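# Working through the structure, step by step
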Amino acid sequence: MRIRTIGFVILAALAVWFIAANTGSVTVRLWIPEVTLPLWIVLTVTLLVGIVLGLLIARRRAQR
């Protein structure tokens, strides 16, 4: 196994653990409306958006 793969697995496990440990509700302001959601949903959406943006940027750099 490559070190990069091991690092990815460790980071993914830490992200899942962090999301699972934060279950309280938070209020998020989306410009005008305020939405109350469980924190794990907010963290999961943030993680997924970050992954998608990272993949898009990596793919764009690979095409150059």
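Up top is the structure these notes are about.
A brief report on the enclosed structure follows. The model shown is predicted, which means the values in this text are computed figures rather than measured ones. (Residues numbered from 1 in each chain as written. Predicted model: local features only at pLDDT ≥ 70, side-chain atom pairs only at ≥ 80, totals over all residues. Heavy atoms only, no water.)

### Quick word on the pairing of strand 2 (residues 34-38)
Strand direction decides the pairing type here: strand 1 (residues 25-29) and strand 2, joined by five bridges, are antiparallel. Looking across to strand 2, one finds that Val-26 is bridged to Leu-37. Between strand 1 and strand 2, which pair antiparallel and follow one another directly, the connecting turn spans four residues, one of which, Trp-31, has a positive phi of 55°. (Pairing = 2+ DSSP bridges. Helix = DSSP H or I, 4+ residues; strand = E, 2+ residues; numbered from the N terminus.)

### Things to note about a nonpolar patch on the surface
Together, Met-1, Ile-6, Ile-10, Leu-11, Leu-14, Trp-17 and Phe-18 line one region of the surface with nonpolar side chains, adding up to about 850 Å² of accessible area. Residue position: Ile-10 is located in helix 1 (residues 3-21). Take Ile-10: its relative accessible area is 48%, and that puts it in the partly exposed class. (Patch = residues over 30% accessible without salt bridge, like charges linked within 9 Å, V, L, I, M, F, W, Y side chains within 5 Å. Areas by Shrake-Rupley, 256 points an atom, 1.4 Å probe, with all protein chains shown as cover. Salt bridge = Lys/Arg side-chain N within 4 Å of Asp/Glu carboxyl O. Buried < 20%, exposed > 50% of the residue type's maximum accessible area, 1.4 Å probe, protein only.)

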